[in-house]
Each structure stands twice: as C-alpha cells, then as structure tokens.
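Okay, here's what each chain looks like letter by letter:
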Amino acid sequence: MAEKKTKKVKTSIHQKMYDKIMSNKQLTPTLRKQAFRIIRVLLRLYIVPKNSNEEKFFNEYLEIPSAYWMKVNPNYHKPMKELVRQGIVERNDSYKVGSDSERGRCKAYRLNNDLIDKKYKTVEIEINIDNIIEQEDSRLTKKTKTILRKLKIDKVKCKHFIKEASTFDNVRKRLKIDDEISELELSNEVWIWRQERERYEKEYKEREKIKTYVKTNGLNMIKDGRKLYLADKDKYIKSKSDYIETSYTIQLNELSIGNYFAKRNDTNIRLDTNLTNLPSLLIYYITLEKEELINIDLSNSQLIILSYLIKTNQLDKYIIQYITKQETPTIYMSVNKVGIKHDIRPKYMNYKTLRDFVEFTENGTIYNYISNELGFNDRDRAKKAMFEILFSSHKYRSKPKTAFGQLFPVLKFITDEYKKEHEDNQLAILLQKTESRIFIDGILTQLLQRGFKVLTKHDSVLCKKSDAKAVYEFVSEFLTNEIGKHTLKIEDSRGNNIKESILSPVHCKDEVFAVIPNENTKTVPQAVPHKLRKSA
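Remember, it's a predicted structure, so these values are computed and weren't measured experimentally. (Residues numbered from 1 in each chain as written. Predicted model: local features only at pLDDT ≥ 70, side-chain atom pairs only at ≥ 80, totals over all residues. Heavy atoms only, no water.)

Asks: Report on the packing of aromatic side chains, specifying residues and quantitative values.
Replies: Tallied over the entire structure, the rule returns 24 aromatic pairs. When the ring of Phe-57 is compared with that of Tyr-200, the centres are 6.3 Å apart and the planes differ by 80°; the resulting orientation is edge-to-face. With Phe-57 in the loop between helix H2 (29–47) and strand E2 (62–63) and Tyr-200 in strand E9 (residues 199–204), this pair connects stretches of sequence that are 143 residues apart. In this structure Phe-57 comes out as buried when scored by relative accessible area, which is 7%. Three or more aromatic residues joined by ring pairs make a cluster, and in this case those are Tyr-46, Phe-57, Phe-58, Trp-193, Tyr-200, Tyr-229, Tyr-236 and Tyr-243. A cation over a ring is seen here: Arg-44 above Phe-261, with NZ or CZ 4.1 Å from the ring centre. In this arrangement the basic side chain of Arg-494 is found over the ring face of Tyr-284, its NZ or CZ atom lying 3.7 Å from the centre. (Phe/Tyr/Trp six-rings, centres within 6.5 Å; stacked < 30°, edge-to-face > 60°. Helix = DSSP H or I, 4+ residues; strand = E, 2+ residues; numbered from the N terminus. Buried < 20%, exposed > 50% of the residue type's maximum accessible area, 1.4 Å probe, protein only. Lys NZ or Arg CZ within 6 Å of the ring centre and 35° of its normal.)

What follows is the structure, encoded as structure tokens:
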C-alpha cells in the first residue's frame, strides 16, 4: 500500500475549545490533532458556504454526511466521540434514511456556542493531501497560494474594523425590519427558525399568512439581503453580530499565521481563497508588495452571463418550449440550397423582450429600467429584486415577480422552467460555472502565465495599482472576445471609482468599454479556447 502524503499546517481555534481538548486525557497527541482538524473543518463550512442558501449562523446545525467525514479522516469516529462527550461539538442524531417520496436526513453538527470566545490559539494539525477535501493539485491553486503569501495585513486596523462592523447598532443598520419592508420587498419565500432541528429552514407562505404568523408568534419580519426571515429581531441581530465578528476574525487569523488556502469549489468550480468571503472594505488593510489592491470588476456579471448563454443558444431548449405554449412569433426565414426554410437568426432575436433584456444588460441600464417600470425608484432595490426573482425557487411569488413576468415573459419562462427541470439552485450554479470558466480558466490562468500577480473574487480581479491599467486592458479585451459588450469598473480598496485616473492619459467617459488595440502583439489575449464556449 502506498504511503499517504501528509503535511503539517497551522490553524486557529478558540481558546476555550483548545483548553478542553488539551485537558482531555483520553486523547493522545495524534487524536488531539485530529480533534483540532474536525473543528477546523466545521469552522470552514460555516465561513465558506457553497452558496448563499447554505449560509448558517454558528447556532445552527449543519447536516454533514458520514461520507464527508470519512474523506476528512477515515478514523474520525474516535476524536468526534470525545468532542461530543466533552460538549465541544454538539450533534443532532435525528437522522433518517430517505425514500422515493421523502428526502433523507444526515446527522447534524455544530460547535458549542458557549466555547466560541474572542481569544484564539494557533495549533498545528496534519492533513492528508491525497484526499478530496484537502487536495490542491493544480498549478493555478499553487500559484494563487504563492501570491497569498505575499500579502501583508494591518492587524490593528483590521481588528478595529471588525469590532465596529459587528456592533449591534451597525448590524441593525444593514437590515430592514417590519414596517421598513415595503410591499414590493415581500415575497412568499421565508426563512423560519425550526426549534426541533435548531436552524432556519425555507418555507412558502402567502403574504397575509406571513403577517399573521409573525403576529401570533411574537416575531419580526427581517429583510437581510435577499432573504426574508421570520424571527425575534434582537436574537437575530445578536446571532448575525456574533457570526460577523467570529468569521472575519478567523479568516484574518488564518492569513496572519500563514494558513493559505486556494481550492476549486466542487459545486460551482469557483476558486475559494482566504479573500473570497472577506468584505470588500477589509481589503483596504491588505497590501501586495506594499501596494494597495485594485479591484477590476465586471458590472452586472450574473445578468451579463445569462445574456451570453441566451445569445449563444445555450438556453434555446426553453425558448422552443415557450414557442409551443404561445402564439408563434414572426420568424425571419431563409431558404437554403435544397429549398428547405429555416430560421436565419438566433431564436432569442424573435422576441423583443429578450432582445431588450440583452441590450439593457449590455448597456448597463437594466436595473434603471426595472426600477422605473416596477416603481422602485431605487436602482439598488431593483437589483435586489432582480436577483430574488432570478435565483430564488420557481415557487417564489411576489409583486415584483408578477410585474417582471409582464416585462420579460420569455425570460421568466426560461428561468422558471430551467429551475423546475434541474432544481432551484441550478440556474445560479450554471451561471457561476460559466463565470468560473471565463474568470478562472480563462482570465486568471492567462494573467498568471504572463507574470502578473493577481487574485480573483469570483467576477473580479484584484491586482497591484501599478499593474491596474495593463490588467484592465487584458481583461477588457478578453471579455470582448468571449462575451461581447460589457462594462468594467475599476475601484480602489475603499470602493472609489478610479477608472479615469488609472486609464489616464486615455480619456474614457463611456462606461461601456470600447476595445483599444494593443500595439504590443505579445500581450494581446489569445482566442478563448473553444471549451469555454460550452454550456456548464
């Protein structure tokens, strides 16, 4: 049998957990390291969720199958048993086997919240780099980790930022509660705390039933980003505050002690790194080779990618289904050499509302249009509503979705039918996979090959200020070749628009980038590999 490849890494855990593990005489030094590793895995699952619907507070249980734990450590049972016995890890054993009519349920785990304190201890653990959980076998992830090692952090200012961001009052300001939520922001999709499983779960309730439920149970309606929670506002804000402080602190601790990670996400093939889930404002206190990090970001990226899939006929199946249900539109026909008529234009071109969606998205006016037509009078609210409509369940109902269906009936049909066929989260995953093929397999890979020190955060590229102009030109030309018309932003680490100053002396007033030929032909991006054009 081949010897397993292992390596030692440092990680950060809470002081109270460390003390309890070290005082346990049942644990050998090897089992202690395995126990530390279990805690590390649980913390990582909370801090780096696969998608927004899987975001959990630390007081919520996580369903984790035994197959996952076996990949972490085939001998996980003994250290886990001791962690549960000591009350460090809490386990909900109410699992059940699934059937054809009902989904099964795994055992669920969470860390004891009483042991999540504000003091941390750095420990050394040993991981098996052959297993799927820890594997980092690509040249791209190795290069990314090399660049992460060059980052410098202002720890004092970061700690101050985290302390301020996690105060009760500052968390409260980011939420809308009860009467602050407009009728346009209400939907039938809500998240309710389920005491028997000790976590928030998604349910569907009609508008009036939501208000009755809240009043009867003495709860509040809380709008947090795209989600509508029915919960006690004080308890919710406390949980949110604790989550922000703990998750941000742990991520910065991992960077500070040199525990760098870069791994492709199995769900959406995004590249998860130490920076992925950090708030943008914290990037201000992180430098690369003594320079601030500049963010080059694709505006309206998810909608741009959706338009790209429509333009490249990757969603034609659903357009054809729409045709069979509706009166056939005017088709632009031609006759080929053998006299057979055929449609000479992409199918989306036969529908004005789809053409409008593509045009408004490419011009960067889609949210303004939706805001005006749906009566939001607020671009940011229109953006949130658009994401709720496109990426929530096909069962999701709201006034904006009804109005959206009138503005873009074909698009609503396409997105709902795709979610019905592939499950509700699969449309978002399709867009994320396409984004990853463009930004990770395309842009990041080629920039690294050209010697640039760059990192990515999903649909954006982080680079040194001295490289910003060259990186911008490369990204712009690449995206023009791949997806066509688009808008790129250039922001400093404070979030300020610095596009004009970076591109100076080239004066560029237009938001939509026009390709400027690069005189140095060696730096002109190569044609995008054909594999990037395939559907995820």
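Asks: Quick one: what's the story with the side chain of Ser-166, residue by residue and with numbers?
Replies: Topologically, Ser-166 is positioned in the loop between helix H6 (155–165) and helix H7 (168–173). Residue classification places Ser-166 among the buried positions, given a relative accessible area of 6%. Side-chain polar atoms of Ser-166 contact the backbone oxygen of Lys-163, separated by 3.4 Å. (Polar contact = N/O pair within 3.5 Å; in protein donor to acceptor, adjacent residues only side chain to side chain.)

Asks: Break down the sheet that holds strand E11 (residues 227–231) for me, with residues and values.
Replies: Spatial ordering of the open sheet is given by E7-E10-E11-E8-E9, a layout of five strands whose pairing is mixed. Of all strands in the sheet, those bounded by a partner on one side alone are strand E7 (176–177) and E9. Alignment of strand E8 (residues 189–194) against E9, held across six bridges, turns out to be antiparallel. Bridging from a neighbouring strand, Glu-189 pairs with Tyr-204 of E9. Most of the contacts of helix H9 (residues 233–256) go to strand E10 (residues 220–224), to which it runs at about 30°, and overall it touches E7, E9, E10 and E11. (Pairing = 2+ DSSP bridges. Contact = heavy atoms within 4.5 Å. Axes fitted to C-alpha atoms, helices over the stretch in contact; angles between N-to-C directions.)

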